[in-house]
Amino acid sequence: MQKSVSLHTLGCKLNYSETSTLSGEFNKKGFKIADYGEKSDIFVLNTCTVTDNADKECRQIIRSVLHKNPDTYVIITGCYAQLRPNEIASILGVDLVLGTNEKFKLFEYADNFEKKSFSCVFTSPINEVTDFDYAYSSDVDSRTRAFLKIQDGCDYNCSFCTIPLARGGSRSLAINKVIENAQKIIDNGYREIVLTGVNTGDYNYTINNGTVKKYKLIDVLYELDELDVKRIRISSIEPNLLTDEIIQLTKSSGKFCNHFHIPLQSGDMSVLKMMRRRYNTTQYSELIQKLIEEIPGIGIGVDVIVGFPGETDENFENTWKFLDELKVSYLHVFSYSERKDTFAVTLPGNVDITKRKKRSKILRELSLKKKAAFYSKNIGNTENVLFETVKNGSIFGFTGNYIKVKTEANKDYENKIIKVILTGNDSYNYCSGNIIN
Ligand code: SF4
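Keep in mind that what you see is a predicted model, and the values were worked out from it rather than measured. (Residues numbered from 1 in each chain as written. Predicted model: local features only at pLDDT ≥ 70, side-chain atom pairs only at ≥ 80, totals over all residues. Heavy atoms only, no water.)

In this section: the pattern of salt bridges. Throughout the structure, instances matching the rule amount to 25 salt bridges. Of the charged contacts, one joins Arg277 and Glu238 as a salt bridge, the two residues approaching to 2.7 Å between their closest N and O atoms. Remark: Glu238 occurs in the loop between β14 (231–234) and α9 (244–253) and Arg277 occurs in the loop between α10 (269–274) and α11 (281–294); sequence separation between them is 39 residues. Judged by its relative accessible area of 12%, Glu238 is buried. Here Lys290 makes a salt bridge to Asp244, at a shortest N to O gap of 2.7 Å. (Salt bridge = Lys/Arg side-chain N within 4 Å of Asp/Glu carboxyl O. Helix = DSSP H or I, 4+ residues; strand = E, 2+ residues; numbered from the N terminus. Buried < 20%, exposed > 50% of the residue type's maximum accessible area, 1.4 Å probe, protein only.)

What follows is the structure, given as structure tokens:
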């Protein structure tokens, strides 16, 4: 009898991309893919370590899945599984725990998905992971964008981050595989490729066949630019890796979106230093200024963490002022949360939770203000919008510079790039737009 599987993801785009690949593998092997929440024979949870209370979240999800179907075979993988496998194995109902290196070997470990009364754990030390488990995948709910993973792991050692511990050192997909996978995505009808990785800007691949040739991210971008793809977006890039060459290619090619997501983390010099980030606020603001001058209409998103150990009221005020003056379009705000085995957790100056929440709220409000201003500035502009699917009498899509646009539903617009004039702004959620015929 055909078995069914339901998969669920916590965390970042990379995790979504990988879950989607696993889903594709199940599909190829003849399993029926059930929606998350539907009854299924197998359940896979791809976890994240950045999530606060990862164990609590895991427990709740497993409980609710088993409540619907007590015989479901439960597999937990992802960053949390790599870092705390035994913690997960002790959760009642878990059958299989797979680390980072084992994630894509799931079928080898699953023992025919026969439920037992104990959990099996398979993980390997992350410093032994050198393989690149490449994944090309589709966005979870649309046929418009596909995430292409080109890099994994990270060699940086930001003091708050456990990702290098969970995913290992930086490694990159062979350039020929990147292009091959990009071509598959195009052949499957996707209009936009989103390049993903843990530290995508650190792409670094060497071919040595007598002569040594090194490929960096810019080389990947040049090759992708030759393909017949409508749009390419870089999901996130560290500021120190966003080079002049990348900026110039974005400006000239017409395929690369005029949108960058650039982690800042703090607008205070001393906090940045304690975070062990590889730039200072002056370099960051100069980069933003350069992007604005060079790339017309650019949309810029910024990650920021509040409540890092030792962040005083004055440090936070500096961050607020820095961000207030910065001409960016939105912020992604995170409250610092303690992670075992990081340097940050050993630092003095714990910021209490109420204060973290308050600071987070202040920056979220600033983000809304920035987004509203950015959307308003674009009213009257003509933009190419990649429309997704019709929902409740409307259709939504995104511009290259990442403005969400709403217009009247029309099935013909689905998965098409259409010229739209932006007519109004509901401030925080989307711009309305009229199709230009
Ligand atoms: S760059 Fe820093 S924050 Fe990002 S994954 Fe690497 S160590 Fe973590």
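Surveying the vicinity of the ligand reveals the residues Cys154, Tyr156, Cys158, Phe160, Cys161, Ile163, Pro164, Val198, Glu238 and Arg277. When its residues are assigned to classes, the shell around the ligand shows 8 nonpolar, no polar and 2 charged. (Near = heavy atom within 4 Å. Nonpolar A, V, L, I, M, F, W, Y, C, P; charged D, E, K, R; others polar.)

The 6 strands are arranged β2-β1-β3-β4-β5-β6 in an open sheet whose pairing can be described as parallel. If you trace the sheet from one side to the other, it starts and ends with β2 (32–34) and β6 (120–122), each paired once. If you compare each strand with its neighbour and ignore which way they point, the axes differ by 20° on average. Of the pairings in the sheet, the one linking strand β3 (residues 42–47) to strand β4 (residues 73–78) comprises 6 bridges and is parallel in character. Note that in β4 the partner of Asn46 across the bridge is Thr77. Strand contacts of helix α2 (residues 54–68): β1 (4–9), β3, β4 and β5 (94–98), with the helix running at about 165° to β3, the strand carrying the most contacts. (Pairing = 2+ DSSP bridges. Axes fitted to C-alpha atoms, helices over the stretch in contact; angles between N-to-C directions. Contact = heavy atoms within 4.5 Å.)

Right, let's get into the pairing of strand β20 (residues 404–408). Bridging between strand β19 (residues 394–399) and β20 involves 5 bridges; their strand directions are antiparallel. Following the sheet pairing, Gly397 is matched in β20 by Val405. Linking β19 to β20, which pair antiparallel, is a turn of 4 residues; within it Tyr402 sits at a positive phi near 70°. Examined bridge by bridge, β20 and strand β22 (residues 431–435) share 2 bridges and lie parallel to one another. Looking at β22, one finds that Lys406 is bridged to Ser432.

Ranked by internal contacts, the top residues of the largest apolar core, which has 66 residues, are Phe260 and Leu291. The biggest single contributor to this core is helix α7 (residues 175–187), with 6 residues. Taken domain by domain, this core gets at least three of its residues from each of domain 2 (126–257) and domain 3 (259–377). Setting aside residues up to four positions removed in sequence, Leu291 forms contacts with Leu242, Ile247, Phe260, Ile262, Ile298 and Ile300. In terms of nonpolar packing, the next biggest core, distinct from the first, is built from 19 residues, Ala54, Ala89, Ile91 and Val97 among them. (Core = buried A, V, L, I, M, F, W, Y, C linked by side-chain atoms within 4.5 Å. Domains from an automatic or database assignment.)

So, about the sheet that holds β22. Overall, mixed pairing links the 5 strands, which are arranged β18-β19-β20-β22-β21 in a closed barrel. The mean angle between the axes of side-by-side strands here comes to 50°, regardless of whether they run parallel or antiparallel. Across the face of the sheet, helix α13 (residues 353–378) comes into contact with β18 (382–391), β20, β21 (417–425) and β22 while running at roughly 115° to β21.

Parsing the protein into structural domains produces domain 1 (4–124), domain 2 (126–257), domain 3 (259–377) and domain 4 (382–435). Computed over C-alpha atoms only, the centres of domain 2 and domain 3 are separated by 24 Å. Counting from both sides, the interface comprises 25 residues of domain 2 and, opposite them, 27 residues of domain 3. Among the residues domain 2 hides against domain 3, the three largest losses belong to Ser159, Phe160 and Pro239. Together they make up 30% of the total. (Buried area = accessible area lost by both parts, 1.4 Å probe.)

With that settled, the discussion passes to the packing of helix α12 (residues 313–325) against α13. Put simply, α12 and α13 touch, their axes get as near as 11 Å, and they point 10° apart. It follows that α12 is roughly parallel to α13 by the angle criterion. Touching Asp313, Phe316, Thr319, Trp320, Leu323 and Asp324 of α12 are Lys355, Arg359, Ile362, Leu363, Leu366, Lys369 and Lys370, all from α13. Taken together, the residues of the contact of α12 with α13 sort by class into 6 nonpolar, 1 polar and 6 charged. (Parallel < 35°, antiparallel > 145°, perpendicular 65-115°, else oblique.)

For an α-helix the count is 3.6 residues per turn, leaving residues at separations of three or four pointing the same way. Compared with the 18 Å implied by 1.5 Å per residue over 13 residues, the 18 Å span of α7 between its first and last C-alpha is a close match. Immediately downstream of α7, the backbone of Gly189 shows phi near 90°, a positive value. (Expected span 1.5 Å × (residues − 1).)

Looking now at the environment of Leu92. If you trace the backbone, Leu92 turns up in the loop between α4 (85–89) and β5. When its relative accessible area of 79% is taken as the criterion, Leu92 is described as exposed. Put simply, Leu92 and Phe118 are 26 residues apart on the chain and 8.6 Å apart in space, counted from C-alpha to C-alpha.

Our focus in this paragraph is the packing of aromatic side chains. Throughout the structure, instances matching the rule amount to 17 aromatic pairs. A ring pair is formed by Phe107 and Phe113, whose centres lie 6.1 Å apart and whose planes are at 85°; its orientation type is edge-to-face. Here the aromatic rings of Phe396 and Tyr430 are separated by 5.6 Å at their centres, their planes lie at 70°, and the arrangement is edge-to-face. Remark: Tyr430 occurs in the loop between β21 and β22 and Phe396 occurs in strand β19; sequence separation between them is 34 residues. Taken together, Phe26, Phe31, Tyr73, Phe107 and Phe113 form an aromatic cluster joined through their ring pairs. In this arrangement the basic side chain of Lys404 is found over the ring face of Phe396, its NZ or CZ atom lying 5.0 Å from the centre. (Phe/Tyr/Trp six-rings, centres within 6.5 Å; stacked < 30°, edge-to-face > 60°. Lys NZ or Arg CZ within 6 Å of the ring centre and 35° of its normal.)

Turning our attention to the environment of Ser360. Summarising the element assignment, Ser360 is placed in helix α13. For Ser360, a relative accessible area of 4% gives the class buried. It is 9.5 Å that separates the C-alpha atoms of Ser360 and Tyr336, two residues lying 24 residues apart in sequence. Among residues more than four places away in sequence, those in contact with Ser360 are Val306, Val333 and Ser335.

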